[in-house]
Amino acid sequence: MQPALPTTLSFRDALLTLAVMVVWGTNFVVIHIGVEHFPPLLFAALRFTFALLPAVFFLKRPDAPWSKLAAYGVLIGAGQFGLLFFAIKGSIAPGLASLVVQSQPFFTILLAAAITHERVQPFQIAGLLLAGVGIGVILWHTDGSTTPLGIILVLGAAVCWAAGNIVARSTPKVDMLAYVVWTSLFAIPPLVALSLMIEGWPAIRDGLTHAPAVAWAAAIWQAVGNVMFGYAVWGWLLSRYAAATVAPTALLVPVFGMGAAAIWLGEPLPGWKFAAAALVMSGLCINILWPRFAAIRAARHPPSS
């Protein structure tokens, strides 16, 4: 029997966790910079190209069937990031995108219930309803920077992310960094094909030939910051600590996402955004933290025999 994993982060590992959340949260601003100069689907293809090369030559292929690697690559590549990048290109403010895409856990729950017949718990329904009200607040206040289409696209990205999670869960205990790198092989072709069909060769050519250094840096950061650093550290933390200790820190992603967008892009933060964020984050908190609280309560008050 394996010893129980620690439930309290050391000071060093807490700083590492915070660094990952900063990288993942501020990345929505980096995406905005990238799609200002590259067509969004091309930018997504570049993201996965830099994630694949040269890392694929140094990381062993994860112990997972090719079919599942392909499914994850298409869902996360063309699905999650293709839709997300397309939406941030003028259809939704980056800060709000960082919040709306966090609806992913609820879609994961619903897909798991539909596909693997996992039971949806009452606390999960409560969390979903709260988050749904938060998304409704955002829809009610759409303006020039955020449109209903943008919200729908980001929700679609969250659905694809959730479906990718279901695929990844079917191959547990794999090196997540290697998994993300190798599945990038299957994300690139559909993104390139969609870019050619939707954005066209002239836009692709102009993007590749005229993009400034900051745009190329944004594309490279998608791989170096988000994949090589983010997934490597996240996977390492999950191997050292209980998942219930590490997973809740992901709630900081939209905090840094909305904060970074306000600071660097001047994205306004009116009261309704704080209300929507509070609702969505409350729903996420219930979904992530309730099982932990229930376990602590059960340990303190065991049923009488």
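Residues numbered from 1 in each chain as written. Predicted model: local features only at pLDDT ≥ 70, side-chain atom pairs only at ≥ 80, totals over all residues. Heavy atoms only, no water.

Chemist: Hey, could you run me through the packing of aromatic side chains in this one?
Modeler: Working definition: an aromatic ring pair is given by the centre-to-centre distance plus the angle between the planes. Counted under the stated rule, the structure contains 11 aromatic pairs. For the pair tryptophan 66 and tryptophan 182, a centre-to-centre distance of 6.1 Å together with 65° between the ring planes defines the contact as edge-to-face. Here tryptophan 182 lies in helix H8 (residues 176-199) and tryptophan 66 lies in helix H3 (residues 66-88), a separation of 116 residues in the sequence. Considering the side-chain rings of tryptophan 66 and phenylalanine 186, the 6.0 Å spacing of their centres and the 70° angle between planes classify their relative orientation as edge-to-face. Of this pair, tryptophan 66 sits in helix H3 while phenylalanine 186 sits in helix H8, and the two are 120 residues apart along the sequence. The class of phenylalanine 186 is partly exposed, set by a relative accessible area of 22%. Among the aromatic residues, those joined into a cluster by ring pairs are Phe38, Phe43, Phe48, Phe50, Phe81, Phe85 and Trp216. Over the aromatic face of phenylalanine 81 sits the side chain of arginine 47, whose NZ or CZ is 3.9 Å from the ring centroid. (Phe/Tyr/Trp six-rings, centres within 6.5 Å; stacked < 30°, edge-to-face > 60°. Helix = DSSP H or I, 4+ residues; strand = E, 2+ residues; numbered from the N terminus. Buried < 20%, exposed > 50% of the residue type's maximum accessible area, 1.4 Å probe, protein only. Lys NZ or Arg CZ within 6 Å of the ring centre and 35° of its normal.)

Chemist: Sorry, what's going on with the packing of helix H1 (residues 11-37) against helix H12 (residues 252-265) here?
Modeler: A pair of packed helices can be characterised by two numbers: the angle between their axes and the separation between those axes. Orientation of H1 relative to H12, taken along the N-to-C sense of each, is 45°, at an axis distance of 8 Å. The pairing of H1 with H12 is recorded here as oblique in orientation. Regarding H1 and H12, the two cross each other, and that crossing is right-handed. Where H1 approaches H12, its residues Leu18, Met21, Val22, Trp24, Gly25, Thr26, Phe28, Val29 and His32 are matched on the opposing element by Leu252, Val253, Phe256, Gly257, Ala260, Ala261, Trp264 and Leu265. Among the residues making up the contact of H1 with H12, the classes are represented as 13 nonpolar, 4 polar and no charged. (Axes fitted to C-alpha atoms, helices over the stretch in contact; angles between N-to-C directions. Parallel < 35°, antiparallel > 145°, perpendicular 65-115°, else oblique. Left-handed = near helix turned anticlockwise from the far one by under 90°. Contact = heavy atoms within 4.5 Å. Nonpolar A, V, L, I, M, F, W, Y, C, P; charged D, E, K, R; others polar.)

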